[in-house]
Amino acid sequence: MSSLYTLNIEQVTNGIKNGEFTSEEYVSQIIDRIKKVDQKINSFITINDNALVQAQQIDKKISSGSKVGSLAGIVVGIKDNISTAGLKTTCASKMLSDYVPPYDATVIKRLKDKDAIIIGKLNLDEFAMGSTTEWSSYGLTRNPWNLDYVCGGSSGGSAASVAAQLCTASLGSDTGGSVRCPASFCSVVGFKPTYGLVSRYGLVSYSNSLEQIGPIGRTVSDVKKIMEVISGKDTNDNTTIDTRNNINTNHYDSEQKNNQKIGLLRELINGADESVYQCIYSAIDKFNKFGFTYEESSLKSSEYALASYYTIATAEASSNLARFDNIRYGFELNPDDYEWNTYFSKTRGNFGDEVKRRIIVGSFVLSSGYYGKYYLKAQRVKNLIKHELKKLFKEYDLLISPTVPVLPFKIGEKIDDPLKMYLIDINTVLANLAGIPAISIPIGFKNGLPIGLQIMADEFQEKKLLDISEVIEKSININTSYPDLY
Amino acid sequence: MVTKDQLKHLSKLSKIDLTENEFETYTKQIEKIIKYLDKLDEVSFEENKPSVLVSFKKLSELREDMVIEPTLNIDQIAKNLKDKFVRGPVMS
């Protein structure tokens, strides 16, 4: 029974269904590996103690001949800002240090309905605000490919745990690149769906108009399988749409796979570091043989995307995080002898640096006299980008760029300069502002550090995007031996 | 230009206590961030379109307005409460 933890979703579900190994054997091997390996990378905040019991239940179902779900026995790690009933959900914040949600997020319910096992909760930048997972009050997560380097963020635990083979797949949340950036830095596949495709019910809000929950896996096929389960209309999230009416009506069928017109986003490719730039072009050479048509294309408004993104995201954050008062849950601080406002201000001082900064910036851009200068203009830029992208998608099926313009960098390198940190998101925020789907897939390494390719499609074109990503993934065929970490 | 006084006012409005040290560092950092956001001033909007995107959802897609029985029981919620009570500061 060697190395079950290396298997992909299909191999795990088939192996368990066909009796090659049991769900219990698979989960025990994963838990053993987490115990040995995670002290090096720190990707987990909480481990689900009931995982083995749930595995036994799946084994029982199978041996008694009952039907099991399409994800039976796979082990999914969950970013710790997604509510899991009975399992702590901290958002990597002191302000929610002991919070146990009384309900499951819709995505969790859907995974459980298909017999997936939730293995634990994964590290992130506090309240998903950050690009390196260095802003967690549970300690930073390290890059499994080189422990001195950052793993990206904010869903750093979700990407690092998948790369370190501590779960079959994971869920992250993507507000401005938080799934794709760590996926790129950890050489795994990360996907941000069209806004409204996946329910946000149970996701602790940071910036509601931009964020989506998205899967991370070691292959595009794994990501597809998770998407099939978690997407779809949810009465608890009124921004979700009925996928049956939208996804399947696109004018694409798989025979057209080799007939795609791809736009290379000039501004985003030219803005990248030399090593990233070269890697993108050598990847393009590799999948050139599939007969795709390439053309350089331009998105002029991309220059203003990051300013628009940080204005909207911080504005929404300042409002969303107003609810954390340490009264109903939080850390121990006796409220006796405090007046209401003083108590709030004192306890809220315990947010981490980055969260406090963003709340203040958000209050600034919304404050009287500045609202028109920042917030309103940011919304107009968002509109402009959406229109410009719409026009591009009339001409191109897909748009490609580097996911992140730089290689993973050393831990601590950018932590003191928030603006430098924000610039990491410059390529990824476009998809959030426009509400379109975007994926990051691994395309190579430089000095042992991973590089990711971002592919974007028009809204609800997930099928096309994921199918073509699979073709590109196969043609690039990078070394898939993951770091051993023992 | 972002000043320390402005930050003091904003931290009071957002109910976040900051130390003197934090005020010093944040003022410098936020000044840089806001300067970057000033990029928005350079954008020329060709047409004067409405600023907020209209949702693709139709009113008819809203759910029925009916009472749904709560599915949570107090024991689950109380797990987060200290001694099963919500304890707050005094109202002055």
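What you see is a predicted model, and the numbers here were worked out from it, not measured in a lab.

1. Quick word on the overall build of chain A
In terms of regular secondary structure, chain A is built from 17 helices and 13 strands. The C-alpha radius of gyration computed for chain A amounts to 21 Å, which stays within 12% of the reference 23 Å derived for 486 residues, consistent with globular compactness. Summarising its shape, the C-alpha atoms of chain A cover approximately 65 × 55 × 45 Å along the three principal directions. Counting every position in chain A, which comprises 486 residues, the buried fraction comes to 66%.

2. Details of the environment of S209 of chain A
Residue and element names in this part refer to chain A. Residue placement: S209 occurs in the loop between β7 (189-192) and β8 (212-217). As for S209 and D242, which are separated by 33 residues in sequence, their C-alpha atoms are 18 Å apart. Ignoring anything within four residues of it in the chain, the contact list for S209 reads Y195, I312, E316 and K382. At a separation of 2.6 Å, a polar atom in the side chain of S209 contacts the side chain of E316.

3. Here we look at the sheet that holds β7 of chain A
Residue and element names in this part refer to chain A. Pairing is mixed across the open sheet formed by eleven strands, whose spatial order is β1-β3-β2-β6-β8-β7-β12-β13-β11-β9-β10. Two strands in the sheet have a free side with no partner beyond their single neighbour: β1 (44-47) and β10 (293-297). With strand direction ignored, the average angle separating the axes of adjacent strands in the sheet is 30°. Of the strand pairs in this sheet, strand β9 (residues 261-265) and β10 are connected by five bridges, and their pairing is parallel. Bridged to L265 within β10 is S297.

4. Some details on the interface of chain B and chain A
On the chain A side, the residues contacting the 50 residues of chain B number 71 residues. Each partner contributes to the roughly 5,500 Å² buried at the junction of chain B and chain A, and carbon and sulfur atoms together form 63% of this total. In this structure, the connection of chain B to chain A is made through seven salt bridges. Here K32 of chain B makes a salt bridge to D417 of chain A, at a shortest N to O gap of 3.1 Å. Here chain B and chain A share 17 residue pairs in polar contact (both at pLDDT 80 or more) between them. Among the secondary structure elements, those contributing two or more residues to the side of chain B that touches chain A are α1 (4-13), α2 (20-37) and α3 (74-78) of chain B.

5. As for helix α4 (residues 106-113) of chain A
Every buried residue belonging to α4 of chain A is among T106, V107, I108, R110 and L111 of chain A, and all of these are buried. For α4 of chain A, the elements touching its buried residues are β2 (75-79), β3 (117-122), β6 (169-174), β8 and α7 (220-230) of chain A.

6. Considerations on the pattern of salt bridges
Residue and element names in this part refer to chain A. Scanning the model with the defined rule gives 27 salt bridges over all chains in all. Notably, a salt bridge pairs K224 with D467, separated by 2.7 Å at the nearest N-O pair. A residue pair is termed long-range when its members are at least 10 positions apart, and K224 in helix α7 and D467 in helix α17 (residues 462-476) qualify at 243 residues. Look at D467 and you get buried, because its relative accessible area is 6%. Via salt bridges that share partners, K224, K463, D467 and E470 belong to a single interconnected network.

7. Things to note about the environment of I441 of chain A
Residues and elements named next belong to chain A. In this structure, I441 sits in strand β12 (residues 438-446). Residue classification places I441 among the buried residues on the basis of a relative accessible area of 0%. The sequence separation of I441 and T219 amounts to 222 residues, and the corresponding C-alpha distance is 8.4 Å. When near neighbours in sequence (up to four residues on either side) are disregarded, I441 contacts V189, V220, I451, G452, L453, I455, S469, I472 and E473.

8. A few points about empty space enclosed by the protein
In this approach a probe as big as a water molecule rolls over the atoms, and the regions it shows empty are the leftover space. Residue and element names in this part refer to chain A. This structure, assessed with the given rule, holds two cavities of 30 Å³ or more. Approximately 60 Å³ is the volume found for the largest cavity. In terms of lining, the largest cavity is formed by 14 residues, of which the most central are G130, G176, S178, Y309 and D425. Taken together, the residues of the lining of the largest cavity sort by class into five nonpolar, seven polar and two charged. Its volume calculated, the second largest cavity comes out at about 40 Å³.

9. Things to note about the nonpolar core
Core analysis: the largest hydrophobic core is formed by 99 residues, its most contacted members being L111, I119 and F287 of chain A. The element contributing the most residues to this core is helix α2 (residues 23-41) of chain A, with seven residues. Ignoring anything within four residues of it in the chain, the contact list for L111 of chain A reads L71, V76, I78, A116, I118, L171, I226, V229 and I230 of chain A. Formed by 78 residues, the second largest nonpolar core is a distinct cluster that contains A92 of chain A together with V2, L10 and Y26 of chain B.

Conventions used here
Residues numbered from 1 in each chain as written. Chains lettered and ligands numbered in written order. Predicted model: local features only at pLDDT ≥ 70, side-chain atom pairs only at ≥ 80, totals over all residues. Heavy atoms only, no water. Helix = DSSP H or I, 4+ residues; strand = E, 2+ residues; numbered from the N terminus. Rg over C-alpha atoms; globule rule 2.2 N^0.38 Å. Buried < 20%, exposed > 50% of the residue type's maximum accessible area, 1.4 Å probe, protein only. Contact = heavy atoms within 4.5 Å. Polar contact = N/O pair within 3.5 Å; in protein donor to acceptor, adjacent residues only side chain to side chain. Pairing = 2+ DSSP bridges. Axes fitted to C-alpha atoms, helices over the stretch in contact; angles between N-to-C directions. Buried area = accessible area lost by both parts, 1.4 Å probe. Salt bridge = Lys/Arg side-chain N within 4 Å of Asp/Glu carboxyl O. 1 Å grid on protein atoms, 1.4 Å probe; cavity = no way out; pocket = protein on both sides within 12 Å on 5 of 7 lines; lining within 4 Å. Points joined across faces, edges and corners; volume = space filled by probe spheres on them. Nonpolar A, V, L, I, M, F, W, Y, C, P; charged D, E, K, R; others polar. Core = buried A, V, L, I, M, F, W, Y, C linked by side-chain atoms within 4.5 Å.

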